Each structure stands twice: as structure tokens, then as C-alpha cells.
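Overview (structure and organization)
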Amino acid sequence: MDAWLLWLIASGLFAAGEMASLDLVLLMFAGGALGGMTVALLGGGVGLQLIGFIVVSALLLVLVRPLATKHLTQRTPEQLDGVAALIGRTARVTQPIDGHGGRIRLGADEWTARSQYGGETFPVGATVRILQVDGATAVVGDALELS
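Not measured: the values here are computed from a predicted model.

Counted under the stated rule, the structure contains four aromatic pairs. Taking the centre distance of 6.2 Å and the plane angle of 15° together, the rings of phenylalanine 14 and phenylalanine 53 count as stacked. One end of the pair, phenylalanine 14, is in helix α1 (residues 3-21); the other, phenylalanine 53, is in helix α3 (residues 46-73), with 39 residues separating them in the sequence. Residue phenylalanine 14 is classed as partly exposed on the basis of its relative accessible area of 24%. Taken together, the ring pairs connect Trp7, Phe14, Phe29 and Phe53 into an aromatic cluster.

Now for a nonpolar patch on the surface. A grouping of Leu48, Ile51, Val55, Leu59, Val62, Leu63 and Val64 is seen on the molecular surface, where their side chains present a nonpolar patch of about 640 Å² in accessible area. Relative to the helices and strands, isoleucine 51 resides in helix α3.

So, about the environment of glutamine 132. Within the fold, glutamine 132 resides in strand β4 (residues 127-134). Beyond its immediate chain neighbours, meaning those up to four positions away, glutamine 132 contacts Ile87, Thr137, Ala138 and Val139.

Below, the discussion takes up the pairing of strand β3 (residues 109-115). The pairing of strand β2 (residues 103-106) with β3 spans four bridges and is antiparallel. Bridge assignment links arginine 105 to a residue of β3, and that residue is glutamate 110. Following β2, the chain reverses through two residues before pairing antiparallel with β3; glycine 107 in that reversal takes a positive phi of roughly 65°. Both β3 and strand β5 (residues 137-142) contribute to a ladder of four bridges, which runs parallel.

For the rest of this paragraph, the subject is the nonpolar core. In this structure, Val93, Ile97, Ile104, Phe122, Val128, Ile130 and Val140 are the most contacted members of the largest nonpolar core, which totals 14 residues. Secondary-structure elements contributing two or more residues to this core are β1 (90-95), β2, β3, β4 and β5. Residues within four places of valine 128 in sequence aside, it is in contact with Arg89, Thr90, Ala91, Val93, Ile104, Phe122, Val140, Gly141 and Ala143. Formed by five residues, the second largest nonpolar core is a distinct cluster that contains Trp7, Ala33, Ala40 and Phe53.

The next point concerns the pattern of salt bridges. Oppositely charged side chains can form a pair if their charged atoms are brought close together. Scanning the model with the defined rule gives three salt bridges in all. For arginine 105, the salt bridge is made with glutamate 110, and the minimal N-O distance between the two is 3.0 Å. A residue is classified by how much of its surface remains accessible, and arginine 105, at 37% relative accessible area, is partly exposed. What makes glutamate 110 partly exposed here is its relative accessible area of 32%. A salt bridge links aspartate 134 to arginine 114; the shortest N-O distance between them is 3.2 Å. Pair noted here: aspartate 134 is in strand β4 and arginine 114 is in strand β3, with a separation of 20 residues, a long-range link. The partly exposed category is assigned to aspartate 134, whose relative accessible area is 41%. The partly exposed category is assigned to arginine 114, whose relative accessible area is 25%. Several salt bridges share partner residues, and in doing so they unite Arg103, Arg105 and Glu110 into one network.

Calculation notes
- Residues numbered from 1 in each chain as written.
- Predicted model: local features only at pLDDT ≥ 70, side-chain atom pairs only at ≥ 80, totals over all residues.
- Heavy atoms only, no water.
- Phe/Tyr/Trp six-rings, centres within 6.5 Å; stacked < 30°, edge-to-face > 60°.
- Helix = DSSP H or I, 4+ residues; strand = E, 2+ residues; numbered from the N terminus.
- Buried < 20%, exposed > 50% of the residue type's maximum accessible area, 1.4 Å probe, protein only.
- Patch = residues over 30% accessible without salt bridge, like charges linked within 9 Å, V, L, I, M, F, W, Y side chains within 5 Å.
- Areas by Shrake-Rupley, 256 points an atom, 1.4 Å probe, with all protein chains shown as cover.
- Salt bridge = Lys/Arg side-chain N within 4 Å of Asp/Glu carboxyl O.
- Contact = heavy atoms within 4.5 Å.
- Pairing = 2+ DSSP bridges.
- Core = buried A, V, L, I, M, F, W, Y, C linked by side-chain atoms within 4.5 Å.

Here it is in C-alpha cells:
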């Protein structure tokens, strides 16, 4: 079996291992294995292939991994995730809503919902705005209401 093919297989195995670990180390080794494969394709001996693997892996670990980790883990206060991303969005009423319950459709999802104020009701087909999320229930108000 050709050496370049072994390096390609090793790269694939490192990449598959990365999917299990998710720490971006094995992915850098996968890149190093591609470096070893390149040296093999250029006709370099086993020693040069190992040096290529080590050098490329080290460069990726030192230069690329910190940037990738920072990019993947750092977020700004303006980035909303989870249920916070739903606040302010509008939805369509699918079952009448009052202070005790009802249902809304938000995109492809259907949520239980209740009105913000006990006496407030919304008929089927009305557009409402999500004001907060209480557990798995959206607390809604008039679509023109902002908070």
C-alpha cells in the first residue's frame, strides 16, 4: 500500500476522532497527516513524511487551534441563543389564548402559550409577540407591544 494512502487514512481517522472529542486537537493532527501525505506524494522518505506530519501538526496547534477555539467559544452580549432568541418574535395563534393557556405556531414549531395579562385573549389566526418564555410556555402579548 502506498504511503500517501496510509497518511490519507490516518487523516480520516483523526478527523473522525475529532467528531467524538470536539477539542480541535485531533483535527490539527488530521491536517498534519495531510502534510505527511503531501511529502509522500512528492517522493519524500518516511523520515521526511514524519517531519512533515510533526511540523504541520505543530503549526496548526500553535497558530490555528487558538483562533478556532476563540472563534467557536467567544460570543458577544448581542448574540442571543436558546429561548432568549425567541423574545420579540411574532407568532400565529393556533388555539385561542387566554391567561391560562393556548397554542402558537412559531415557524415550524408549535408552543404552548398564555397571555401576559389574565383578561387578555387572542383568537385563532391572530398575530402575537413573544414577550418572555416561562419554562416551555411562551408568554405573549399584542403583536404591536414591544415589552
